[in-house]
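Overview (structure and organization)
Here are the chains, one letter per residue:
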Amino acid sequence: MFCSSCGKKITDNSKFCKYCGGLQKKQKTNFLKVFIITGILFLTLIVAVIFWYLNENKTAKQKLNWEFVLPTVIVTPTKTPAKAKNSNNIDSTVSNTVDNNEPWGVAKQVDEYTWTMKVGSDPVMATTNEILTALNDYRNKNGSQKLTLDPKLTAYAQTRADFFYSNKNLDGHSGFNDFLNNQDGFNKLGFNWLGENASYGYKLNGVHLVEWVYGGDEPHDKNQLDPKWDHVGIGIKNTSTCIIFGTGKM
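Read on for an overview of the structure. (Residues numbered from 1 in each chain as written. Predicted model: local features only at pLDDT ≥ 70, side-chain atom pairs only at ≥ 80, totals over all residues. Heavy atoms only, no water.)

**A few points about the packing of aromatic side chains**
Threshold: For Phe, Tyr and Trp, where Trp contributes only its six-membered ring, two rings pair if their centres lie within 6.5 Å, and the inter-plane angle classes them as stacked under 30 degrees, edge-to-face over 60, or tilted in between. Per the convention used, a helix needs a DSSP run of H or I reaching at least four residues, while a strand needs a run of E reaching at least two, with both numbered from the N terminus. Only protein chains enter the accessibility calculation, which uses a 1.4 Å probe; a residue is then buried when its area is under 20% of its type maximum, exposed when over 50%, and partly exposed in between. Two limits define a charge over a ring: the Lys NZ or Arg CZ must be within 6 Å of the ring centre, and within 35 degrees of the ring normal.
Taken as a whole and assessed by the stated rule, the structure comprises 4 aromatic pairs. With a centroid separation of 5.7 Å and an interplanar angle of 20°, the aromatic rings of Trp 229 and Phe 245 are classed as stacked. In this pair, Trp 229 sits in the loop between helix H7 (218-225) and strand E6 (231-237) while Phe 245 sits in strand E7 (residues 240-249), placing the two residues 16 residues apart along the sequence. Phe 245 carries the same exposure label as Trp 229, and that label is buried. One aromatic cluster is present, formed by Tyr 156, Phe 176 and Phe 179 through successive ring pairs. Its end group placed over the ring of Tyr 165, Lys 168 keeps NZ or CZ at 3.9 Å from the ring centre. A cation over a ring is seen here: Lys 228 above Trp 229, with NZ or CZ 4.4 Å from the ring centre.

**Re the pattern of salt bridges**
To keep it simple, the criterion reads: Salt bridges, as used here, are contacts in which a Lys or Arg side-chain nitrogen is within 4 Å of a carboxyl oxygen on Asp or Glu.
With the rule as written, the count across this model stands at 5 salt bridges. Across the pair Lys 141 and Glu 211 runs a salt bridge whose closest N-O atoms are separated by 3.2 Å. Note that Lys 141 is positioned in helix H2 (residues 128-141) and Glu 211 in helix H6 (residues 206-213), a separation of 70 residues in sequence. On the accessibility criterion, Lys 141 (57% relative accessible area) is exposed.

**Describing the nonpolar core**
Short version of the rule: Only buried Ala, Val, Leu, Ile, Met, Phe, Trp, Tyr and Cys residues count toward a nonpolar core, and they belong to the same one when joined by side-chain atoms within 4.5 Å. Any pair of residues with heavy atoms lying within 4.5 Å of one another is described as a contacting pair.
Within the largest apolar cluster, 26 residues are counted, with the highest numbers of intra-cluster contacts made by Ile 131, Leu 135, Val 232, Ile 243 and Phe 245. Of all the elements in the fold, those that place two or more residues in this core are strand E3 (114-118), H2, H6, E6 and E7. Ranked by residues supplied to this core, first place goes to H2 with 5 residues. Beyond its immediate sequence surroundings of up to four residues, Val 232 is in contact with Leu 132, Leu 135, Leu 147, Thr 148, Leu 149, Asp 150, Leu 153, Thr 154, Ile 243, Ile 244 and Phe 245. In terms of nonpolar packing, the next biggest core, distinct from the first, is built from 17 residues, Tyr 156, Leu 170, Leu 180 and Cys 242 among them.

**Topic: the side chain of Asp 150**
Keep this limit in mind: Whenever two N or O atoms come within 3.5 Å, that pair is a polar contact, provided that in protein one can donate a hydrogen and the other can accept it, and provided that, for residues adjacent in sequence, both atoms are side-chain atoms.
Note that Asp 150 resides in the loop between strand E4 (148-149) and helix H3 (151-167). Residue class for Asp 150 comes out buried when judged on its relative accessible area of 4%. At 3.2 Å, the side chain of Asp 150 and the side chain of Lys 249 are in polar contact. Once residues lying within four places of it in the same chain are set aside, the contact partners of Asp 150 are Phe 191, His 231, Val 232, Gly 233 and Lys 249.

Below you can see the structure in the form of C-alpha coordinates.
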(Lines give C-alpha, C1' and ligand atoms only; values in the text may rest on other atoms or scores of the structure.)
Protein backbone atom coordinates (compact mmCIF):
# COMPACT_ATOMS: atom_id res chain seq x y z
CA MET A 1 0.00 0.00 0.00
CA PHE A 2 0.95 3.64 -0.28
CA CYS A 3 0.95 6.35 2.40
CA SER A 4 -2.15 8.52 2.20
CA SER A 5 -0.07 11.55 3.24
CA CYS A 6 3.31 11.35 1.49
CA GLY A 7 2.51 8.72 -1.11
CA LYS A 8 5.46 6.45 -0.39
CA LYS A 9 5.11 2.68 -0.44
CA ILE A 10 4.68 1.21 3.03
CA THR A 11 3.81 -2.20 4.44
CA ASP A 12 0.26 -3.34 3.86
CA ASN A 13 -2.15 -2.71 6.77
CA SER A 14 0.24 -0.19 8.41
CA LYS A 15 -1.48 2.29 10.77
CA PHE A 16 1.32 4.90 10.49
CA CYS A 17 3.72 5.82 7.70
CA LYS A 18 7.29 5.00 8.62
CA TYR A 19 8.47 7.94 6.56
CA CYS A 20 6.21 10.80 7.61
CA GLY A 21 4.39 9.29 10.59
CA GLY A 22 1.03 10.06 9.05
CA LEU A 23 -2.02 8.16 10.28
CA GLN A 24 -3.28 5.86 7.58
CA LYS A 25 -6.97 5.81 6.74
CA LYS A 26 -8.58 2.48 5.90
CA GLN A 27 -8.67 2.21 2.09
CA LYS A 28 -12.00 1.32 0.59
CA THR A 29 -12.24 -0.97 -2.38
CA ASN A 30 -13.64 0.76 -5.48
CA PHE A 31 -16.48 -1.70 -6.07
CA LEU A 32 -17.89 0.30 -8.98
CA LYS A 33 -14.60 0.11 -10.82
CA VAL A 34 -14.30 -3.63 -10.12
CA PHE A 35 -17.90 -4.17 -11.23
CA ILE A 36 -17.36 -2.33 -14.52
CA ILE A 37 -14.14 -4.19 -15.31
CA THR A 38 -15.71 -7.55 -14.42
CA GLY A 39 -18.76 -6.73 -16.55
CA ILE A 40 -16.61 -5.83 -19.54
CA LEU A 41 -14.65 -9.06 -19.24
CA PHE A 42 -17.88 -11.06 -18.87
CA LEU A 43 -19.48 -9.43 -21.92
CA THR A 44 -16.29 -10.00 -23.91
CA LEU A 45 -16.40 -13.67 -22.96
CA ILE A 46 -20.07 -13.94 -23.99
CA VAL A 47 -19.40 -12.30 -27.37
CA ALA A 48 -16.45 -14.64 -27.96
CA VAL A 49 -18.56 -17.71 -27.11
CA ILE A 50 -21.40 -16.57 -29.40
CA PHE A 51 -19.00 -15.91 -32.28
CA TRP A 52 -17.37 -19.32 -31.81
CA TYR A 53 -20.77 -21.06 -31.72
CA LEU A 54 -22.00 -19.33 -34.87
CA ASN A 55 -18.78 -20.08 -36.69
CA GLU A 56 -18.82 -23.76 -35.66
CA ASN A 57 -22.51 -24.09 -36.59
CA LYS A 58 -21.82 -22.63 -40.04
CA THR A 59 -18.95 -25.07 -40.57
CA ALA A 60 -21.06 -28.01 -39.44
CA LYS A 61 -23.88 -27.01 -41.78
CA GLN A 62 -21.54 -26.76 -44.76
CA LYS A 63 -20.19 -30.20 -43.96
CA LEU A 64 -23.70 -31.62 -43.65
CA ASN A 65 -24.66 -30.18 -47.03
CA TRP A 66 -21.56 -31.67 -48.61
CA GLU A 67 -22.24 -35.07 -47.11
CA PHE A 68 -25.82 -34.85 -48.35
CA VAL A 69 -24.85 -33.88 -51.90
CA LEU A 70 -22.02 -36.40 -52.21
CA PRO A 71 -24.20 -39.54 -52.40
CA THR A 72 -26.34 -37.78 -55.02
CA VAL A 73 -23.26 -37.23 -57.14
CA ILE A 74 -22.29 -40.88 -56.72
CA VAL A 75 -25.65 -42.33 -57.60
CA THR A 76 -26.37 -39.97 -60.51
CA PRO A 77 -25.45 -41.75 -63.82
CA THR A 78 -22.40 -40.24 -65.44
CA LYS A 79 -21.20 -40.50 -69.00
CA THR A 80 -18.66 -43.20 -69.72
CA PRO A 81 -15.56 -41.72 -71.41
CA ALA A 82 -15.71 -42.02 -75.16
CA LYS A 83 -12.67 -44.29 -75.29
CA ALA A 84 -14.56 -46.75 -73.06
CA LYS A 85 -17.45 -47.13 -75.50
CA ASN A 86 -17.95 -50.80 -76.05
CA SER A 87 -20.51 -53.47 -76.67
CA ASN A 88 -21.40 -56.93 -75.47
CA ASN A 89 -22.65 -59.04 -78.35
CA ILE A 90 -24.00 -62.56 -78.15
CA ASP A 91 -26.07 -64.42 -80.75
CA SER A 92 -28.38 -67.31 -80.06
CA THR A 93 -29.82 -69.55 -82.73
CA VAL A 94 -32.46 -71.88 -81.32
CA SER A 95 -33.87 -74.80 -83.24
CA ASN A 96 -37.25 -76.32 -82.41
CA THR A 97 -36.70 -79.18 -84.81
CA VAL A 98 -36.54 -82.56 -83.10
CA ASP A 99 -33.03 -83.96 -83.25
CA ASN A 100 -32.50 -87.27 -81.47
CA ASN A 101 -28.78 -86.65 -81.33
CA GLU A 102 -29.07 -83.48 -79.22
CA PRO A 103 -30.52 -83.15 -75.70
CA TRP A 104 -33.45 -80.80 -75.08
CA GLY A 105 -32.80 -77.42 -73.46
CA VAL A 106 -28.99 -77.62 -73.51
CA ALA A 107 -27.08 -74.73 -75.07
CA LYS A 108 -24.34 -75.72 -77.49
CA GLN A 109 -21.74 -73.25 -78.75
CA VAL A 110 -21.34 -73.04 -82.54
CA ASP A 111 -18.81 -70.21 -82.94
CA GLU A 112 -17.46 -67.20 -81.04
CA TYR A 113 -20.89 -65.58 -80.70
CA THR A 114 -23.48 -68.20 -81.65
CA TRP A 115 -25.14 -70.92 -79.57
CA THR A 116 -27.88 -73.40 -80.44
CA MET A 117 -30.52 -75.02 -78.25
CA LYS A 118 -33.27 -77.53 -78.96
CA VAL A 119 -36.56 -76.38 -77.42
CA GLY A 120 -40.28 -76.82 -77.96
CA SER A 121 -42.48 -73.92 -79.06
CA ASP A 122 -45.03 -72.18 -76.85
CA PRO A 123 -48.51 -71.41 -78.27
CA VAL A 124 -47.72 -67.70 -78.83
CA MET A 125 -44.62 -65.52 -79.01
CA ALA A 126 -43.97 -63.20 -76.06
CA THR A 127 -44.77 -59.49 -76.32
CA THR A 128 -42.36 -56.66 -75.51
CA ASN A 129 -43.94 -56.04 -72.11
CA GLU A 130 -43.89 -59.76 -71.24
CA ILE A 131 -40.19 -60.00 -72.07
CA LEU A 132 -39.44 -56.82 -70.10
CA THR A 133 -41.34 -58.12 -67.06
CA ALA A 134 -39.66 -61.54 -67.24
CA LEU A 135 -36.24 -59.93 -67.63
CA ASN A 136 -36.67 -57.54 -64.69
CA ASP A 137 -38.07 -60.32 -62.48
CA TYR A 138 -35.09 -62.51 -63.36
CA ARG A 139 -32.62 -59.67 -62.71
CA ASN A 140 -34.31 -58.86 -59.40
CA LYS A 141 -33.96 -62.49 -58.25
CA ASN A 142 -30.26 -62.29 -59.10
CA GLY A 143 -29.55 -58.93 -57.45
CA SER A 144 -29.40 -56.69 -60.55
CA GLN A 145 -31.15 -53.35 -60.96
CA LYS A 146 -34.40 -52.89 -62.85
CA LEU A 147 -34.19 -52.02 -66.55
CA THR A 148 -36.15 -49.12 -68.03
CA LEU A 149 -37.56 -49.55 -71.54
CA ASP A 150 -36.01 -46.91 -73.81
CA PRO A 151 -37.78 -45.86 -77.05
CA LYS A 152 -34.59 -45.36 -79.09
CA LEU A 153 -33.15 -48.70 -78.03
CA THR A 154 -36.49 -50.39 -78.72
CA ALA A 155 -36.77 -48.86 -82.20
CA TYR A 156 -33.27 -50.02 -83.07
CA ALA A 157 -33.84 -53.49 -81.57
CA GLN A 158 -36.92 -53.79 -83.77
CA THR A 159 -34.88 -53.07 -86.92
CA ARG A 160 -32.50 -55.83 -85.88
CA ALA A 161 -35.32 -58.32 -85.24
CA ASP A 162 -36.86 -57.43 -88.63
CA PHE A 163 -33.50 -58.05 -90.31
CA PHE A 164 -33.05 -61.45 -88.65
CA TYR A 165 -36.53 -62.49 -89.78
CA SER A 166 -35.95 -61.40 -93.38
CA ASN A 167 -32.46 -62.91 -93.40
CA LYS A 168 -33.71 -66.13 -91.77
CA ASN A 169 -30.60 -66.13 -89.61
CA LEU A 170 -28.42 -64.06 -87.28
CA ASP A 171 -25.36 -62.10 -88.40
CA GLY A 172 -22.78 -62.57 -85.64
CA HIS A 173 -23.43 -58.94 -84.62
CA SER A 174 -21.82 -57.58 -87.78
CA GLY A 175 -24.74 -55.19 -88.35
CA PHE A 176 -24.71 -54.07 -84.72
CA ASN A 177 -20.96 -53.43 -84.75
CA ASP A 178 -21.16 -51.59 -88.06
CA PHE A 179 -23.93 -49.37 -86.71
CA LEU A 180 -21.91 -48.47 -83.61
CA ASN A 181 -18.50 -48.04 -85.22
CA ASN A 182 -19.30 -46.65 -88.66
CA GLN A 183 -22.74 -45.01 -88.36
CA ASP A 184 -22.35 -43.01 -85.13
CA GLY A 185 -24.56 -45.53 -83.34
CA PHE A 186 -23.59 -44.52 -79.80
CA ASN A 187 -24.71 -40.92 -80.34
CA LYS A 188 -27.80 -41.91 -82.34
CA LEU A 189 -28.99 -44.22 -79.56
CA GLY A 190 -27.79 -41.84 -76.83
CA PHE A 191 -25.76 -44.25 -74.70
CA ASN A 192 -22.05 -44.67 -74.06
CA TRP A 193 -22.16 -48.42 -73.50
CA LEU A 194 -24.33 -50.85 -75.45
CA GLY A 195 -24.83 -54.60 -75.69
CA GLU A 196 -26.90 -57.00 -77.76
CA ASN A 197 -28.51 -60.40 -77.20
CA ALA A 198 -30.18 -61.82 -80.31
CA SER A 199 -32.07 -65.00 -81.16
CA TYR A 200 -33.91 -66.63 -84.04
CA GLY A 201 -35.96 -69.72 -84.78
CA TYR A 202 -38.47 -70.41 -81.98
CA LYS A 203 -41.66 -69.19 -80.35
CA LEU A 204 -41.50 -68.81 -76.55
CA ASN A 205 -43.14 -66.81 -73.79
CA GLY A 206 -41.17 -64.22 -71.82
CA VAL A 207 -40.02 -66.43 -68.95
CA HIS A 208 -38.89 -69.25 -71.25
CA LEU A 209 -37.02 -66.81 -73.50
CA VAL A 210 -35.19 -65.14 -70.62
CA GLU A 211 -34.60 -68.05 -68.24
CA TRP A 212 -34.30 -70.96 -70.70
CA VAL A 213 -32.75 -69.56 -73.86
CA TYR A 214 -30.77 -66.48 -72.80
CA GLY A 215 -30.18 -68.04 -69.39
CA GLY A 216 -28.97 -71.30 -70.91
CA ASP A 217 -25.33 -70.31 -71.42
CA GLU A 218 -22.93 -68.15 -69.46
CA PRO A 219 -22.27 -65.35 -72.02
CA HIS A 220 -25.98 -64.65 -72.68
CA ASP A 221 -26.84 -64.91 -69.01
CA LYS A 222 -24.02 -62.61 -67.85
CA ASN A 223 -25.05 -60.06 -70.45
CA GLN A 224 -28.71 -59.96 -69.42
CA LEU A 225 -27.86 -59.96 -65.69
CA ASP A 226 -25.03 -57.41 -65.89
CA PRO A 227 -25.78 -54.87 -63.11
CA LYS A 228 -24.30 -51.99 -65.11
CA TRP A 229 -27.22 -52.01 -67.56
CA ASP A 230 -30.05 -49.64 -66.64
CA HIS A 231 -31.95 -49.29 -69.95
CA VAL A 232 -33.13 -51.78 -72.53
CA GLY A 233 -34.78 -51.99 -75.94
CA ILE A 234 -36.72 -55.07 -77.11
CA GLY A 235 -37.54 -55.99 -80.70
CA ILE A 236 -39.68 -58.97 -81.84
CA LYS A 237 -40.51 -60.23 -85.32
CA ASN A 238 -42.17 -63.62 -85.55
CA THR A 239 -39.50 -66.01 -84.20
CA SER A 240 -36.75 -63.34 -84.09
CA THR A 241 -35.88 -61.37 -80.98
CA CYS A 242 -33.30 -58.71 -80.23
CA ILE A 243 -32.54 -57.18 -76.84
CA ILE A 244 -30.35 -54.06 -76.78
CA PHE A 245 -28.89 -53.09 -73.39
CA GLY A 246 -27.61 -49.60 -72.59
CA THR A 247 -26.01 -47.58 -69.83
CA GLY A 248 -24.36 -44.15 -69.51
CA LYS A 249 -27.24 -42.24 -71.05
CA MET A 250 -26.14 -39.05 -72.79
